[in-house]
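For reference, the chains in residue letters:
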Amino acid sequence: MKPKITVWSVVSFLLKVILMVIFIFPFYWMIITGFKTYQESIAFPPSFWPAQLQWENFVKVWESGPYLLYMFNSFAVSIGCLVLQFLIMVPASYAFAKMEFKGRGFFFGLVMVAFMVPQQVTFISIFHMMSRANLLKTLWPQILPHAANAFGIFLLRQNFMQIPDELLESARLDNANEFQILTSVMLPMGKPTLVSILMLSFITTWNNYFWPFIMASSQNVYPLTLGIDALRDVEGSFDWQIIMAGNVILVVPIIIVYAIFHKRIVRAFAYSGIK
Amino acid sequence: MAEIRFEEITKKFGDKVILDHINLDIEDGSFTVMIGPSGCGKTTLLRIIAGIGPQTSGKVFLDGEDISGLPPAKRNVAMVFQNYAIYPTMTVKENIEFGLKNNKVPKDERERLIGEISEIVGIHELLDRKPGTLSGGQRQRIALARAMVKKPKVFLMDEPLSNLDAKLRVSMRTELIELHNRLKTTFVYVTHDQTEAMSMGTRIILMNKGVIQQEATPSVIYQDPDNLFTAQFIGSPQMNVLPFPDEKVRYGFRPEKVHLTNEPGQYFYTRKGHIVTKEMLGSETIYQVRYEGNSVMIKSLEDSFEQDHDVYIGVKKPNILLFDEDERRIRPDDARYEQWMSKL
């Protein structure tokens, strides 16, 4: 059967196209500006396609500072956070969801409070702490404060709570210890949620500007975001094509991650229950 | 050999007493069915055997060995859950294999066991499928296979048929009876369905409010109940129970033990009544008859009586059961028996 074309379906289609353009246009603008000459980037009326692709912009970005180091730092921080968050979040969620212990409600309340307090409230005392621990010249101040992901613990706990207790009991009868129950029964069932939490967390850490801006006290520990920001200073006032080329370099890893996992993310958010 | 003994088992949730000093023996090789209304403690008792819901006090013995403190996996029991509790992310084979792997059974032995059991249960062609793609009946079989493959001393089953449709339930019932005959292992089966209890059990344990009401074979439970609760719980329609006028003692008779006649017959207990409703069920007919302010159900093979007509009902003396003011049975050897019977 052919789908019927109605007025509503046309309107709905047009609305979707408009929405898509609104979301995609800034990306498009960033990318083409990254390929323009300086003259083109400030020309009015603006052009929607560069006369010639200026690959040199990217070379210039790369040569203007230790970008390989910045990139390494960004990866080290993002993956470091990811690993620590995974190690803490998974057992914590399991305990909060399925175990009976004294103070469970209280501790979960603490997690929720941590979830609600913004970084801007805590950064001074954390900076102080890191300074006293003599860690300011390392990547740790960018990693350690994010080791526990309160939102992730909350989300994964909700997911674990939906898993029927009988499955755990059955596993206990099958001679599985708590670690095996976690890895063989709980984690596979929570995988879609876990993957999306970790992905969102990766994107957040990778894109984070505020936190490293406070914590990174030497160029050696700059992540890419601060490196791109530094382009303004190195290249004089606003060389838009260079800044945009830097931004393209910044977002490429995120786009790759998203391209790999986007189905998982959508599924995790649509995941309403376990049959 | 697998005989289970409960000694003074008590289970409380907070202040609420779920099981009250239960003493009970479950015979080796029996198909013991625990039945009772919801909240009676039958599932709690089953979970105590499995070790997944420990008792508050008291002891459980398996073959004379005190297993009260043992973790579930060390008890040599297997359980089939009401919702099957199949691991959804594992294939059927992995589901069955999980316990064996955890018990460090060597690979070729595992393969042999899985092959053997899946043949018996009839799931051979499903081994590589994921549970999500299977029907309720198939999941049920997997849960059974998973229990069987461990060769446990005791099978524990918690309402395993209640999620199946009526037709499948009847055929699975037969299969479980066959399975029990074949394995000769002790089965402990929890249900709230009296048909399941009567048809499958070699022993029935009837429970109410955390107390065992009666423990006997199905026919004893039905023919010779110890108390009013047992008499009324088993049987459909349930036993007619009527009070002696102005007394707390009651008498009862089963709907199928009543004879309907157009003329008064030679029965110990005869009354004239009026047919209020008639339900023709095919092989039998259920009449509701009202007399002297009482309403009784009568199950008859005769379809010849009409609604809104008068009829005589008759019951033989052995088919009338007496219950005292504490709802306990007054049996014929009781001194009070004849005294009450003469009042009818």
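Numbers given to residues run from 1 along each chain, matching the order in which its sequence is written. Whichever chain is written first becomes A and whichever ligand is written first becomes 1, with later ones labelled in order. Residues qualify for local features only when their pLDDT is at least 70, as the model is predicted, and side-chain atom pairs are given and counted only at 80 or more; totals for whole chains, interfaces and linings, by contrast, use all residues. Just so you know, side-chain values use all the structure's heavy atoms and leave hydrogens and water out.

Peer 1: Give me the lowdown on the overall build of chain B, citing residues and values where you can.
Peer 2: A tally of helices and strands in chain B yields 9 helices and 19 strands. Based on the C-alpha atoms only, the size of chain B along its principal axes is roughly 75 × 45 × 35 Å. In chain B, the share of contacts with a sequence separation of at least 24, taken over all contacts with a separation of at least 6, comes to 63%. Computed with a 1.4 Å probe, the accessible areas rest on the Shrake-Rupley method; for each residue, only the protein chains presented here act as cover. In the structure as shown, chain B presents an accessible area of about 15,900 Å², 48% of it carried by carbon and sulfur atoms. A helix here means a DSSP run of H or I that spans at least four residues, while a strand means a run of E at least two residues long, and both kinds are numbered starting from the N terminus. Only heavy atoms enter the contact rule, under which two residues are in contact if any of them lie within 4.5 Å.

Peer 1: Give me the domain arrangement of chain B: which residues, what numbers.
Peer 2: Size of an interface, as often reported, equals the accessible area lost when the parts are brought together. Residues and elements named next belong to chain B. Segment limits for the domains were obtained from an automatic or database-derived domain assignment. Domains assigned within chain B are domain 1 (4–228) and domain 2 (237–341). The distance between the C-alpha centroids of domain 1 and domain 2 comes to 38 Å. The interface is formed by 6 residues belonging to domain 1 together with 10 residues belonging to domain 2. The quantity reported as buried area is the accessible area (1.4 Å probe) lost by two parts once they are put together, taken as the sum for both. Taken together, the two surfaces of domain 1 and domain 2 that pack against each other cover about 820 Å², and 48% of this comes from carbon and sulfur. Broken down residue by residue, the surface that domain 1 buries against domain 2 is led by Tyr222, Pro225 and Leu228, which jointly contribute 64%.

Peer 1: Talk me through empty space enclosed by the protein; I want residue IDs and the actual numbers.
Peer 2: Using a grid of 1 Å spacing that covers the protein atoms alone, one calls a set of points a cavity when a 1.4 Å probe fits there but cannot get out, and a pocket when the set is open and has protein on both sides within 12 Å along at least five of seven lines; lining residues are those with an atom within 4 Å of a point. Grid points are joined across faces, edges and corners, and a volume is the space filled by probe spheres set on the points. As enumerated under the stated definition, the model contains 2 cavities of 30 Å³ or more in all. Taken as a whole, the largest cavity holds about 70 Å³ of empty space. Around the largest cavity, the lining residues are Ser74, Val77, Ser78, Gln142, His146, Thr205, Trp206, Asn208, Trp211, Pro212 and Pro223 of chain A. When contributions to the lining of the largest cavity are tallied by element, the ones reaching two or more residues are helix H4 (67–98), helix H10 (178–207) and helix H11 (210–215) of chain A. Its boundaries defined by the atoms lining it, the second largest cavity holds a volume of some 50 Å³. Lining the second largest cavity are Ser170, Leu173 and Asp174 of chain A together with Ala78, Met79, Ala143, Arg146, Ala147 and Lys150 of chain B. Looking at the lining of the second largest cavity, the elements that each hand over two or more residues are helix H9 (165–173) of chain A together with strand E6 (77–80) and helix H4 (136–148) of chain B. If you tally residues by element for the lining of the second largest cavity, the top one is H4 of chain B, at 3 residues. Classifying every residue of the lining of the second largest cavity gives 5 nonpolar, 1 polar and 3 charged. Classes in brief: Ala, Val, Leu, Ile, Met, Phe, Trp, Tyr, Cys and Pro nonpolar; Asp, Glu, Lys and Arg charged; the others, Gly included, polar.

Peer 1: Residues and numbers for the packing of H4 of chain B against helix H5 (residues 166–183) of chain B, please.
Peer 2: Residue and element names in this part refer to chain B. For helices, the fitted axis covers only the stretch in contact; all axes are lines through C-alpha atoms, and the angles between them, taken along N-to-C directions, range from 0 to 180 degrees. Their axes nearest at 12 Å, the elements H4 and H5 cross at an angle of 15°. In terms of orientation, H4 and H5 fall into the roughly parallel class. Judged by the twist between their axes, the crossing of H4 over H5 is right-handed. Contacts between H4 and H5 involve Gly137, Gln140, Arg141, Leu144 and Met148 from the former and Leu168, Met172, Glu175, Leu176, Leu179 and Leu183 from the latter. Roughly parallel covers angles under 35 degrees, roughly antiparallel covers those over 145, roughly perpendicular covers 65 to 115, and oblique covers all other angles. Crossings are assigned a handedness: left-handed for a near helix turned anticlockwise from the far helix by less than a right angle, right-handed for a clockwise turn.

Peer 1: Run through the packing of H4 of chain A against H10 of chain A, naming residues and quoting values.
Peer 2: Residues and elements named next belong to chain A. Packing of H4 against H10 brings their axes to within 9 Å, and their N-to-C directions diverge by 140°. The pairing of H4 with H10 is recorded here as oblique in orientation. The two elements H4 and H10 cross, and the hand of that crossing is right-handed. For the contact of H4 with H10, the residue count by class is 18 nonpolar, 5 polar and 2 charged.

Peer 1: Give me the confidence of the model for chain B: which residues, what numbers.
Peer 2: pLDDT gives the predictor's per-residue confidence on a scale running from 0 to 100. Per-chain confidence: chain B averages 92 in pLDDT, with 100% of residues scoring 70 or above. Taken element by element, the predicted model of chain B shows its lowest mean pLDDT in H5 of chain B (90) and its highest in strand E3 (residues 31–35) of chain B (96).

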